[in-house]
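A closer look at the structure
This is what each chain is made of:
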Amino acid sequence: MGLLSAKLLAAADEGVLLLDRQGVGRESSWAGGGIVSPLYPWRYSAAVTALAHWSQDFYPGFARQLLEDTGIDPEVNATGLYWLDLDDEAEALAWAAREGRPLFPVDIAEAYRQVPVLGGGFERAIHMPGVANVRNPRLVKALRAALAAMPNVELREHCPVKGFVQEAGRICGVTTADGEIRAERVVLAAGAWSGELLKTLGLELPVEPVKGQMILYKCAEDFLPSMVLARGRYAIPRRDGHILIGSTLEYAGFDKTPTDNALESLKASAEELLPALKDAEVVGHWAGLRPGSPEGIPFIGELPAYPGLWLNCGHFRNGLVLAPASCRLLADLLLGHEPIIDPAPYAPAGRLH
Ligand SMILES: Cc1cc2nc3c(=O)[nH]c(=O)nc-3n(C[C@H](O)[C@H](O)[C@H](O)COP(=O)(O)OP(=O)(O)OC[C@H]3O[C@@H](n4cnc5c(N)ncnc54)[C@H](O)[C@@H]3O)c2cc1C
């Protein structure tokens, strides 16, 4: 959120200083799977759907532009996605019809024809053609490179923010390990840590860390032609044959240590979805902290009691797909432009204690 918000604001000729307590793009936005759709989009509110739809249409062009500008390809991979043996298939199809999204029931035999490596025993499938995944570590790398090339952006890494500078009823900067930094406006986009920073103002932001672990395999490039998802676990193919299996959902504070239990559980899911992975080696295992929020609805906008302080945080399980619309909405509001979508559901007013 920080990287893309900075890019959009800088593109509108604002001077931007981006602070991160470590190197940018190392936390949840690096750790996530990168599915460019909520996992079960029909289970979310209209607020999440509105951001997701705007962003999904934006992603392919956005990635092409980043590649052109930086030489780093975020690898948007439009493989489509099969959901298997869903309990709420009827709700899913009703949602798709209502929203005009391509999501269709398919004969299970057809799913097995399209994804021959799929494990046995599945009985039902629905298919969303064209839905993509983005190689998010490359995406954050490309965004960092794009920012580094902008003359009106300064990236200051390894600079932890400790609190806010308040003067005459306005927020007019931040305090850091290196001292005070003044700014006309401050945007808080600290993911799962955003609530910790707002506590310094005595505010309770309902954003909490939700740990997610993933594992990684490396297969032949054409091993898995589509994303597949069953019982909350999914497999995501990257273009070069890397397969990500995710994810756990754990309320464990700010601890990011990968665990043996999760490794075993993710391996079991991987082998159920794609039995050929029994013979493959796990080449990566990590955890990230999602910025969990009520119903996964992010906080985007200015804090009315603290003019000058803007939020773009709390994207929970969907921050990669929601980023383009969220950051554009933040920039529209901050710059006084007509917002791309109705900002009311994301307004911080009334949602903090
Ligand atoms: C396992 C897993 C799978 C996921 N899969 C998907 C998916 O398939 N699709 C999808 O859309 N989303 C997915 N997500 C969710 C997505 O990754 C997040 O919603 C999104 O990355 C949040 O972005 P963010 O910028 O708010 O937070 P982050 O990427 O966590 O960035 C927060 C930044 O703030 C910095 N920071 C924190 N505190 C301070 C401080 N005091 N001072 C300075 N800097 C600070 C951090 O260093 C970090 O760089 C997944 C997440 C996980 C963990």
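Overview of the structure.

Conventions and cut-offs
- Residues numbered from 1 in each chain as written.
- Predicted model: local features only at pLDDT ≥ 70, side-chain atom pairs only at ≥ 80, totals over all residues.
- Heavy atoms only, no water.
- Pairing = 2+ DSSP bridges.
- Helix = DSSP H or I, 4+ residues; strand = E, 2+ residues; numbered from the N terminus.
- Axes fitted to C-alpha atoms, helices over the stretch in contact; angles between N-to-C directions.
- Contact = heavy atoms within 4.5 Å.
- Buried < 20%, exposed > 50% of the residue type's maximum accessible area, 1.4 Å probe, protein only.
- Arc of directions from axis to C-beta.
- Core = buried A, V, L, I, M, F, W, Y, C linked by side-chain atoms within 4.5 Å.
- Near = heavy atom within 4 Å.
- Polar contact = N/O pair within 3.5 Å; in protein donor to acceptor, adjacent residues only side chain to side chain.
- Areas by Shrake-Rupley, 256 points an atom, 1.4 Å probe, with all protein chains shown as cover.
- Nonpolar A, V, L, I, M, F, W, Y, C, P; charged D, E, K, R; others polar.

Overview of the sheet that holds strand 15 (residues 299-302)
Reading across from one edge, 9-16-15 is the order of the three strands in this open sheet, with mixed pairing throughout. Every interior strand has two partners, whereas the edge strands, strand 9 (186-188) and strand 15, have only one. Neighbour-to-neighbour, the strand axes of this sheet turn through a mean angle of 20 degrees, independent of strand direction.

Observations concerning the sheet that holds strand 2 (residues 81-84)
Reading across from one edge, 3-4-2-11-12-13-10-14 is the order of the eight strands in this open sheet, with mixed pairing throughout. Looking at which strands have only one partner, the edges of the open sheet turn out to be strand 3 (104-106) and strand 14 (282-292). Each strand axis lies, on average, 25 degrees off the axis of its neighbour in the sheet, ignoring direction. Packed on one face of the sheet, helix 4 (residues 89-99) meets strand 3 and strand 4 (125-128) and runs near 25 degrees to strand 4. Helix-sheet contacts for helix 8 (residues 260-273) involve strand 2, strand 10 (208-218), strand 11 (227-230), strand 12 (233-237), strand 13 (242-246) and strand 14, and the interaxial angle to strand 10 is about 55 degrees.

Points about helix 4
Of the residues making up helix 4, those classed as buried are Glu89, Ala92, Trp95 and Ala96. Each buried residue of helix 4 sits inside an arc of 125 degrees when the element is viewed along its axis, so together they form one side. In helix 4, those exposed residues whose orientation departs by more than 90 degrees from the buried face are Ala90, Ala97 and Arg98. If you follow the buried residues of helix 4, they end up packed against helix 3 (46-70) and strand 4.

Topic: the nonpolar core
Membership of the largest hydrophobic core comes to 45 residues, with the highest contact counts inside it found for Tyr59, Leu139 and Tyr346. Elements with a contribution of two residues or more to this core: helix 1 (2-11), strand 1 (16-19), helix 3, helix 6 (136-148) and helix 9 (319-335). By residue number, the principal contributor to this core is helix 9, which donates 10 residues. When neighbours within four sequence positions are excluded, Leu139 is seen to be in contact with Tyr59, Phe62, Leu66, Pro74, Val134 and Leu320. Core analysis: the second largest hydrophobic core is formed by 24 residues, Phe122, Ala125, Cys219 and Leu263 among them.

With respect to the site of the ligand
Around the ligand, 32 residues are found, and the nearest of them are Asp20, Ser29, Ile35, Phe316 and Val321. Met1 places a polar main-chain atom, nitrogen or oxygen, 2.9 Å from an oxygen atom of the ligand. Within the backbone of Asn318, a nitrogen or oxygen atom sits 3.3 Å from an oxygen atom of the ligand. If the ligand stood free it would expose 1,000 Å²; the protein chains cover 95% of that surface. Contributing elements (two or more residues each) for the shell around the ligand: helix 2 (28-31), strand 10, strand 14 and helix 9. Looking at the shell around the ligand, its residues break down into 14 nonpolar, 13 polar and five charged.

Section: unusual backbone geometry
The omega angle of the peptide bond from Gly246 to Ser247 is -15 degrees, so this bond is cis rather than trans. Topologically, Ser247 is positioned in the loop between strand 13 and helix 8. A positive phi angle is found at Asp85, which is not glycine, with a value near 45 degrees. Tracing the backbone through its elements, the reader meets Asp85 in the loop between strand 2 and helix 4. Here Phe316, not a glycine, exhibits a phi torsion of approximately 45 degrees, which is positive. With respect to the helices and strands, Phe316 occurs in the loop between strand 16 (309-313) and helix 9. Assessed through its relative accessible area of 16%, Phe316 is described here as buried.

Structural notes on the environment of Gly212
The residue Gly212 is located in strand 10 in this model. For the pair Gly212 and Trp310, spaced 98 residues apart in sequence, the C-alpha to C-alpha distance is 27 Å. Ignoring anything within four residues of it in the chain, the contact list for Gly212 reads Thr248, Trp286, Ala287, Gly288 and Arg290.

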